[in-house]
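A closer look at the structure
One letter stands for each residue in the lines below.
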Amino acid sequence: MKKPVFPVHDIGMAVAMEDYIIEMLNITKEFPGVVANDNITLRLKRGEIHALLGENGAGKSTLMSILFGLYQADKGEIRKNGEVVRINNPNDANNLGIGMVHQHFKLVEIFTVLENIILGVEPAKAGFLQKSKARERVLKLSEQYGLKVDPDAVIEKISVGMQQRVEILKMLYRDNEILIFDEPTAVLTPQEIDELMEIMRGFKREGKSILFITHKLNEIMAVADRCTVLRKGKCVGTVDIDKTSKEELSRMMVGRAVSFRVEKKEAEPGDVVLSVRNVTVLSKTHKKYAVKDVSFDVRAGEIVCIAGIDGNGQTEFISALTGLEKISSGKITLCGVDISKASIRKRSKAGMSHIPEDRQKYGLVLDYTLEENLVLQRYWQLEFQKNGFIKSNAVRSYAGKLIKQYDVRSGQGPITVVRSMSGGNQQKAIVAREMDKKHELLVAVQPTRGLDVGAIEYIHKQLVAGRDAQKAVLLVSFELDEVMDLSDRILVMYEGEIVGELDPKTTTVQELGLYMSGAKRSTVKEF
Amino acid sequence: MPEKKNTTKKVFNLESVLKSKGFSAFMAALFAIFLGLIFGFIVMTVASPANSLPGFRTVLLGGFRRLGDVFYFATPILMTGLSVGFAFKMGLFNIGASGQYTMGMFFALYVGFMLKPADGIHWLICVLAGFLGGLLWGLIPGVFKALLNVNEVITSIMTNYIGMYLVDMLIQSNGAMYVPSKTRTAYLPQSAQLPPLGVDNSSVNISIFIAIFIAVILYIILNKTVFGYELKATGYNRFASQYAGMSGKRNIIITMAVAGALSGLGGAFAILAPSTIPGSSMTYEPINIIAANGFNGIAVALLGNSSPIGIIFSALFISHIQRGGTLASLFGYKPEIIDIVISVIIYFSAFSMLMKSILDRIVKKRREMRTKDHAETGGKDDPDADNPARALDNDKKGVN
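Every value quoted in this text rests on a predicted model; they were computed, and no experiment measured them.

Turning to a nonpolar patch on the surface, a few remarks are in order. Residue and element names in this part refer to chain B. On the surface, Y110, M114, L115, I121, L124 and I125 cluster together into a nonpolar patch covering about 490 Å² of accessible area. Broken down by secondary-structure element, the contributors of at least two residues to the nonpolar patch are α6 (97-114) and α7 (119-148). With 3 residues, α7 is the largest single contributor of residues to the nonpolar patch. Along the chain, M114 falls in helix α6.

The following block contains the structure:
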């Protein structure tokens, strides 16, 4: 492991020596006020799986958008098979055999799998669709690469993992040989992730070349051949995976050593802070229950995690718990106060802090300044207002204190418009606000989603610090590592029910995965 | 504050000035006006080439010859502009300013004719009645929106018609107010008319000062108070305001009531203005027409970027152009031409974002020139700030 790990990218060296299918040479892309890509060179060998690693805002998405024709580079060139090409739009990219699976799928929900796959390249005769031919081809492809799909299933009815396969089939149907995967594992269960890895290896065997954007180091180590690391718009280097380690990669990505283990001492649970009894929530989209008869307790000084695959009622449950939606039956008690029907403000006063799942939709007023956002839960308190007038000095100094204490970085300090801040710092601002507010229960939903390793480490530390200060923490997370590392108890939610309570110290990721996919359930403590 | 942080020494820093929100909105408005005027000139040239130059000059400068009238006509649209702009701040589109305006006018008229309090305070009570009338008429869409989630645009369009027909009916059936032979209201008693400012041949009166004062009050409410904080937060992001425990329903009702009251004041100010001919007064003709000043308020609010201070200036500007336009008829231009010019200005003001991006590009070019000339000096800004690529990245991750 003593090999040099920061190889300088070798512009000007003999290019033709290696068989590169795509070369992005010296790409520079500037947006008003920022250089998103600064002289980045990325070379994709034929038939390799090439990971692209970097923090949020490092320029991964911009670089891939340039390759896929969504942006044009200011400087630099793209070569395919050694020849310079111009990619002005996604159609050009498609014609060059470049396909992309976006992080958020681009599927027509009410169409069938087959209809989605052929969308845009429909085989037609005199204006009439020739679906049977297409179906044959799709079935052949799905067999060839082990992508099991039902061509006649409607997209909105199938699982996320299945939808992803449809996206992949879309690329294959268009004969793409260069496949870009943008954070493909974010929405998958551990089992599905393993399957995807196998599928990617299959592509490699068939000679396709893969670009794999991610910030999950385990997956890179498992599947990639080489990895290019970006940091703050610059290329840090390209390394061979078998000559590097997770630690090296994370150091390249963040610029410093990062600890992966969450350091925490034994939990010392105290009194029950939150007690949920037989809570049922009606679904908004269909007539069924989104949350069915959920009961559990959270004590002071422990982190309880609700694990599960996205869409199994967690969002609805949290909405009901925090007061954004109504519960249809059941009882919620916080610090001895019945808050089943209380307003959001009352719940907040009773001691609930809430780091919402969608920070930009719920957590922040993006067009407000940082200081205005930092008092979003407290502006009405006497500390910040007198006779209906905001005490701007008090707000300013309070914001200054939080910014310093929680290291929230921004261009202009308290008066920065939050929209201009990076995602990590936006989240830090929310964490600062919710942690500093007087509270007994912290509800944190996906607190690290979309954040880079450095920020994740930071937020985990804060959650553990809250726990150690004898606060109750209720965490909802879809990230298995986070669930396993952070929580003191795990509740698994499947189709709106708690199907198991696990101890992270004695359970395995595989077992957790079985619970999450509904394959296994155990009797949960009766209340 | 932003100026301080970003200024690199000596060079005039266009960038930092442009970064301030108010300035760019102001510049965008100026650009809008400029382009609108060019287009207006083209329209006038097409309509009558020979007269276009003197005619256009009159449109531009004619208002200065009638300053009193500029202020007089600015008052009602300033009020309706504030009304629309205030509701905009909360994300509500108060298209019902016309109905509220008409209601306010009727209440003011009613008190003017039917009550006979002491002379000194008669007009004041009329104004307050107008305030109340508009408030009630604004309350209706507010209550419907808050409690039944009925779109305020639909309700307020309906209240425009209901208000107008109701007022016309009430006036026509009231012998003390209506003169059937002239199809208009009778002359208001002198005591009910607003104190004039003493400009010859002009109805300009004390209400322009009241209107400007109200604009300043609104500015303070929006920017310094808890209510303003909640109102703007709701306007920017109603989900976040809900999450923060703000009472959206209450705020919607209050906002619409205030917006209605502002329009109502506009109507009162218009009808209570003193006449230049002694013994007469302003009159209202119940001829089933929805008050145009309500819709002009939308234009005023747009051009003023919904800011109370901006709206003062946009109301004055639009009034100025309208006065000039009236005078342009001396050169044979129809008032409709002027309406077209004003419409064009409003149309272009919708492009204010485009104008701003053009300005940004100019700034960027300047900066590039500068960095080419001099070697890089001075500290760099925090890379996290103003980072659209990052924001974009986050946006992508934020969805779903």
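So much for the structure itself; the text now carries on.
Under the criterion given, the structure shown has 36 salt bridges over all chains. Note that E167 of chain A and K170 of chain A form a salt bridge whose closest N and O atoms lie 3.6 Å from each other. Of this pair, E167 of chain A and K170 of chain A are both found in helix α5 (residues 160-173), 3 residues apart, which corresponds to roughly one turn of the helix. No difference in accessibility class separates E167 of chain A from K170 of chain A, as the two residues are buried. Where E152 of chain B meets K145 of chain B, a salt bridge forms, and the shortest distance between an N and an O atom there is 3.1 Å. With relative accessibility at 5%, the residue E152 of chain B sits in the buried group.

The next point concerns the environment of A36 of chain A. Among the structural elements, A36 of chain A can be located in strand β2 (residues 34-45). Residues A36 of chain A and K60 of chain A, 24 residues apart in the sequence, show an inter-C-alpha distance of 8.9 Å.

Moving on to the sheet that holds strand β23 (residues 489-494) of chain A. Residue and element names in this part refer to chain A. Reading across from one edge, β18-β21-β22-β15-β23-β24 is the order of the 6 strands in this open sheet, with mixed pairing throughout. Each edge of the open sheet is held by one strand with a lone partner, namely β18 (352-355) and β24 (497-502). For this sheet the average axis-to-axis angle between neighbouring strands, irrespective of direction, equals 20°. The pairing of β18 with strand β21 (residues 441-445) spans 4 bridges and is parallel. What sits directly across from S353, in β21, is L442.

On to the sheet that holds strand β14 (residues 289-299) of chain A, then. All names here are of chain A. Read across the sheet, 4 strands follow the order β14-β13-β16-β17 without closing on themselves; strand pairing throughout is antiparallel. Looking along the sheet, the strands with just one partner apiece sit at the ends: β14 and β17 (337-338). Both strand β16 (residues 329-334) and β17 contribute to a ladder of 2 bridges, which runs antiparallel. In the strand pairing of β17, T333 is matched with D338.

Turning to the packing of helix α5 (residues 67-89) of chain B against helix α14 (residues 308-328) of chain B, a few remarks are in order. Residue and element names in this part refer to chain B. Closest axis-to-axis distance for the α5/α14 pair is 8 Å, and the angle between their directions is 135°. Classified by the angle between their axes, α5 and α14 sit oblique to one another. Viewed along their axes, α5 and α14 form a crossing whose handedness is right-handed. Judged by residue contacts, D69, V70, F71, F73, A74, I77, L78, G81, L82 and G85 of α5 engage P308, I311, I312, A315, L316, I318, S319, H320, Q322 and R323 from α14. Tallied by class, residues from the contact of α5 with α14 come to 13 nonpolar, 5 polar and 2 charged.

The rules we used
- Each residue is numbered by its place in its chain's sequence as written, counting from 1.
- For this description, chains carry letters from A and ligands carry numbers from 1, given in the order in which they are written.
- Two thresholds apply to this predicted model, a pLDDT of at least 70 for residue-level local features and 80 or more for giving and counting side-chain atom pairs, whereas whole-chain, interface and lining totals are computed over all residues.
- Side-chain calculation: all heavy atoms of the structure are included, whereas hydrogens and water are not.
- Grouping into patches uses exposed residues only, defined as over 30% relative accessible area, and leaves out salt-bridged ones; the cut-off is 9 Å for like charges and 5 Å for nonpolar side chains (Val, Leu, Ile, Met, Phe, Trp, Tyr).
- The accessible surface values rely on the Shrake-Rupley method and a 1.4 Å probe; as for residues, cover is taken only from the protein chains in view.
- By definition here, a salt bridge exists when the distance from a side-chain nitrogen of Lys or Arg to a carboxyl oxygen of Asp or Glu is within 4 Å.
- In this text, helices come from DSSP runs of H or I with a minimum length of four residues, and strands from runs of E with a minimum of two, each type numbered from the N-terminal end.
- Three labels apply to residues, based on accessible area from a 1.4 Å probe with only protein chains included: buried if under 20% of the type maximum, exposed if over 50%, partly exposed otherwise in between.
- At least two bridges found by DSSP between two strands is the condition for calling them paired.
- Axes, fitted as lines to C-alpha atoms, cover a helix only where it is in contact. Angles between the N-to-C directions of the axes lie from 0 to 180 degrees.
- Throughout, the term roughly parallel applies to angles under 35 degrees, roughly antiparallel to angles over 145, roughly perpendicular to angles from 65 to 115, and oblique to all others.
- Crossing handedness is read from the near helix: turned anticlockwise from the far helix by less than a right angle, it gives a left-handed crossing, and turned clockwise, a right-handed one.
- Any pair of residues with heavy atoms lying within 4.5 Å of one another is described as a contacting pair.
- Basically, the charged four are Asp, Glu, Lys and Arg, the nonpolar ten are Ala, Val, Leu, Ile, Met, Phe, Trp, Tyr, Cys and Pro, and anything else, Gly included, counts as polar.

Function cannot be inferred from these measures alone, as they are strictly geometric.
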